[in-house]
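Letter by letter, the chains look like this.
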Amino acid sequence: MTQSWTPMETDTSEGGQELRPRSDTDPLELLREQGAILRLPEGPALTPDDVAIEVTEDETMIINMGPQHPSTHGVLRVMLELEGETVLRSKPVIGYLHTGMEKIGEDLTYLQGPTNVTRMDYLSPLFTECVFSLAVEKLLEIEVPARATWIRMLMCELNRMSSHLLFMATNGMDLGAVSMMIYGWREREMVLAFFEKVTGLRMNHAYIRPGGVAADLPPGWRDDVLELCDLIGPRLDEYDELLTGQPIFRQRTEGVGVITPEQAIALGATGPILRSTGTAWDLRKDLPYQYYEQLDFDVIIGQYGDAFDRYAIRLNEIRESIKLVRQIVEVMPAGDYKVQDKKVTPPPRARIDESMEALIHHFKIFTEGFRVPEGEVYVGIESPRGEVGCYLVSDGSAKPYRMHIRGPSFVNLQTLPVMLRGGLVADAVAIISSVDPVMGEVDR
Amino acid sequence: MSDVETTDETTAPEAPPEPARVHGALVEERNGQTVVFPERSAYLDVMKALKDDGYEMCVDLCGVDHLQNPDRSLPDGIVRERFEVVVNLLSLSQKRRIRVRVQVPESDPTVPTLFRLWPGSEAMEREAWDMLGIAFVDHPDLSRILMPEDWEGHPLRKDFAQGRVPVQFKAPNQPSTGGAR
């Protein structure tokens, strides 16, 4: 059995990453690739012997979807075993965008860290910055000023809107609603224009940093934000008209890529995928962090766990985020935007001109960085894709000893074999799109 | 299991109170978060018991190489080893988290897989294998996940220097020298 795949694979010590012919696949692995590998406590546990290799190999074929396929959202490669047009097995093959960010993170100071992690999930960069900063602050045992936290929440909710708007655009495009792509992109660009005004960059902001945020909100931010909310709200109603009620869109998404709550929980899926199964789990509500307890918003859940539910959840989460943003604008307090702790915060620019010590202090913070006490901490927050987590180990120096980011897309991709099984290859596009993976975060 | 008796015998009668344990494993509060330190031999049993306690979701699993950090603080009775596998569990019904840290020696970097308890740990264990060379016994598909499949070494190990490998991809048919450094 040496004919069917590349010679490179046979030479490796660890074995191939690819989907292999059935005859060469271990039964347990086969079961997993079929998406049937769930050991539910209440249900009958499947054993590897139960796998029927009922399909003869000359009736099936294994094809690659990606990594260059336009609807795999970057460099995701899904290998599909097809019988006619039906997907029998599938396996996501990832790593094409791996840049060793966790390794690089060990070589950057805590102040430089956000610049690195912001490039992971490039569609919702502020969440990764935020979770990294929260983890560092937990180790430092500092409390950031209220205004800094509110600014973080404001920016994160706006980022949730921009991320979901991009999902609207790409999901529409994947299903043939090309006009939706233009609309979603247009609205997202407005949010990004506001980000550019605040942080200086459209993406990869490095705006949320340990100790607070990089800069205060610019004058007139309130008007900009409210204008954004007034504009995007009615546009969502237009999306409803364009997609939600449209028979073609509904037929392509309803009942496609179904996943049960038990499967989603067992596979570690979070975010809209978990909520689409009817499980009301949102870290903002269930394990509240920052000031989300003080705000009024709803957790949107689905019922059927299909691609349409995931679309509808994201659409309505934009509405909830608008609601949150309006409340945050109301309560935004005055005060500092970063913590006034000499250990973490460099002295203000004016002090540097008059004081030698301030100059030295400023120089030391930006060259050596500040030291973080020894310890380890895990923080998780709700990003548009699910739980983004940061596990940080400090050895007492100015750089993280180990920095691990739990990427929601990385874990969510494991649901693909379950959702793809038994569907048509044309539905694979709809299903991959409904998972909304960001490969920068999957491969890190 | 056996360590319960040893602590009783070795400590004096007025010694500090018995350390807290969960399913026979030491447990500590660290930075306000609960951390369990099972022995490697008891790891799978502790995880099973924790799953029965209602931790339905394995949120995160990663490895840590403590080569340059041998003096880290651990509870008494836990032998410091080079590697650690860190598992973060989440209970949706009880709305709480717990973290499990198990020590893995350099001479035998293997841990039983959690795949049969939480199928979602599959990709994360593959990542820990790929990045740190910690092998998960009975894992259905323990292959590299992020690095190219003919990569040599495990990049997140502390003795794997950045920029050590000048050329990333070799030509096919070149036999691999194999294994971790």
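### Brief notes about the overall build of chain B
- For chain B, the count of helices and strands is 3 helices and 8 strands.
- Ordered by position in the sequence, the α and β elements of chain B form the string α-β-β-β-α-β-β-β-β-α-β.
- Looking at chain B residue by residue over its 181 residues, the buried ones come to 40%.
- When contacts within chain B are restricted to residue pairs at least 6 apart in sequence, those whose partners lie at least 24 apart make up 57%.

### Re the overall build of chain A
- Scanning chain A for helices and strands turns up 19 helices and 8 strands.
- Taking the intrachain contacts of chain A between residues at least 6 apart in sequence as the baseline, contacts between residues at least 24 apart amount to 68%.

### Considering the confidence of the model for chain B
Residues and elements named next belong to chain B.
- Residues of chain B with pLDDT of at least 70 account for 80%, and the chain-wide mean is 80.
- Note on residues 1–12: pLDDT under 50 across the span, and 6 contacts to partners over four residues away in sequence or across chains.
- For this predicted complex, the interface score ipTM comes out at 0.82, while the overall pTM is 0.85.

### Re the sheet that holds strand β4 (residues 57–65) of chain B
Residue and element names in this part refer to chain B.
- Spatially, 6 strands are ordered β1-β2-β3-β6-β5-β4 in an open sheet, and the strand pairing comes out mixed. The sheet terminates laterally at β1 (21–22) and β4, the two strands that pair on one side only.
- Sheet topology places strand β3 (residues 33–37) next to strand β6 (residues 96–104); 2 bridges connect them, and they run parallel. Bridge pairing links Val 35 to Arg 99 in β6.
- The strands that helix α2 (residues 43–52) touches are β2 (25–30), β3, β5 (83–91) and β6; relative to β6, the one it contacts most, it runs at about 175°.

### A closer look at helix α3 (residues 121–132) of chain B
Residues and elements named next belong to chain B.
- In this model α3 runs 16 Å from its N-terminal to its C-terminal C-alpha over 12 residues, within 8% of the 16 Å that 1.5 Å per residue would give.
- Of all 12 residues in α3, 12 are buried, a share of seventy percent or more.
- Among the residues making up α3, those that are buried are Ser 121, Glu 122, Ala 123, Met 124, Glu 125, Arg 126, Glu 127, Ala 128, Trp 129, Asp 130, Met 131 and Leu 132.
- At the C-terminal side of α3, Gly 133 shows a positive phi close to 70°.

### A closer look at the packing of helix α7 (residues 178–199) of chain A against helix α8 (residues 221–244) of chain A
Residues and elements named next belong to chain A.
- Relative to each other, α7 and α8 sit at 170°, their axes nearing to 11 Å. Between α7 and α8, the interaxial angle falls into the category roughly antiparallel. Only Trp 221, Asp 224, Val 225, Leu 228, Leu 231, Ile 232, Arg 235, Leu 242 and Leu 243 of α8 make contact with α7, whose side of the interface consists of Met 180, Glu 187, Met 190, Val 191, Phe 194, Lys 197 and Val 198.

### Some remarks on helix α18 (residues 425–435) of chain A
Residues and elements named next belong to chain A.
- By the criterion of burial, α18 is predominantly enclosed, with 9 of the 11 residues buried.
- Buried within α18 are the following residues: Asp 427, Ala 428, Val 429, Ala 430, Ile 431, Ile 432, Ser 433, Ser 434 and Val 435.
- Within two residues after α18, Asp 436 carries a phi angle of roughly 55°, on the positive side.

### A closer look at the nonpolar core
All names here are of chain A.
- Formed by 150 residues in total, the largest nonpolar core has its most connected members in Val 131 and Ala 135.
- The element that contributes the greatest number of residues to this core is helix α6 (residues 146–174), accounting for 14 residues.
- Shared between two domains, this core takes at least three residues from each, and those domains are domain 1 (7–93) and domain 2 (101–341 + 371–438).
- Setting aside residues up to four positions removed in sequence, Ala 135 forms contacts with Val 377, Val 379, Cys 390 and Leu 392.

### A closer look at the sheet that holds strand β6 (residues 375–383) of chain A
Residue and element names in this part refer to chain A.
- Strands sit in the order β6-β7-β8 across an open sheet of 3 strands; the sheet is antiparallel. Each having just a single partner strand, β6 and β8 (402–406) make up the two edges of the open sheet. When the angles between neighbouring strand axes are averaged without regard to direction, this sheet yields 10°.
- In the packing of helix α5 (residues 125–140) onto the sheet, the strands contacted are β6, β7 (386–394) and β8, and the crossing angle to β6 comes to about 150°.

### Describing the domain arrangement of chain A
All names here are of chain A.
- According to the domain assignment, chain A contains domain 1 (7–93) and domain 2 (101–341 + 371–438).
- Counting residues at the interface gives 20 residues for domain 1 and 20 residues for domain 2.
- Ranked by residues supplied to the side of domain 1 that touches domain 2, first place goes to strand β3 (residues 86–93) with 5 residues.
- When its residues are assigned to classes, the side of domain 1 that touches domain 2 shows 9 nonpolar, 7 polar and 4 charged.

### Some remarks on the pairing of β5 of chain B
Residues and elements named next belong to chain B.
- For β5, a buried count of 8 out of 9 residues is recorded, marking the element as mostly surrounded by other parts of the structure.
- Judged from the 8 bridges that link them, β4 and β5 form a sheet pairing that is antiparallel. Across the sheet, the residue bridging to Asp 65 is Phe 83, located in β5.
- As paired strands, β5 and β6 are joined by 9 bridges and run antiparallel to one another. Counted as the bridge partner of Val 87 is Val 100 from β6.
- Between β5 and the antiparallel strand that follows it, β6, lie 4 residues; Lys 95 among them carries a positive phi value of about 55°.

### Regarding unusual backbone geometry
- The backbone of Gln 290 of chain A shows a phi angle near 50°, a positive value even though the residue is not glycine.
- Relative to the helices and strands, Gln 290 of chain A resides in the loop between α12 (283–286) and α13 (307–331).
- The residue Asn 31 of chain B is not glycine, and still its phi comes out positive at about 50°.
- Looking at the element boundaries, Asn 31 of chain B is found in the loop between β2 and β3.

What counts and how
- Residue numbers restart at each chain and count upward from 1, following the sequence in its written direction.
- The lettering of chains begins at A and the numbering of ligands begins at 1, in the order of writing.
- Restriction of local features to residues with pLDDT of at least 70 applies here, the model being predicted, together with a cutoff of 80 or more for giving and counting side-chain atom pairs; totals for whole chains, interfaces and linings are based on all residues.
- Secondary structure elements are taken from DSSP: a helix is a run of H or I of four residues or more, a strand is a run of E of two residues or more, and numbering for both begins at the N terminus.
- Here a residue counts as buried when 20 or more other C-beta atoms fall within 10 Å of its C-beta, as exposed when 12 or fewer do, and as partly exposed in between; the C-beta atoms come from the backbone.
- Here contacts are defined at the residue level, using C-beta atoms placed from the backbone and a cut-off of 7 Å between them.
- The predictor rates its confidence in each residue with pLDDT, a number between 0 and 100.
- Strands are treated as partners if at least two bridges between them are detected by DSSP.
- Here an axis means a line fitted to C-alpha atoms, over the contact stretch when the element is a helix, while the angle between two N-to-C directions is reported on a 0 to 180 degree scale.
- Multiplying 1.5 Å by the residue count of a helix minus one yields the expected span of that helix.
- Each angle gets one of four labels, with under 35 degrees taken as roughly parallel, over 145 as roughly antiparallel, 65 to 115 as roughly perpendicular, and the rest as oblique.
- Linking buried Ala, Val, Leu, Ile, Met, Phe, Trp, Tyr and Cys residues through C-beta atoms within 7 Å yields a set, and such a set is a nonpolar core.
- Domain borders in the structure are assigned automatically or taken from a domain database.
- For this scheme, ten residues count as nonpolar: Ala, Val, Leu, Ile, Met, Phe, Trp, Tyr, Cys and Pro. Four count as charged, namely Asp, Glu, Lys and Arg, and the remainder, Gly too, count as polar.

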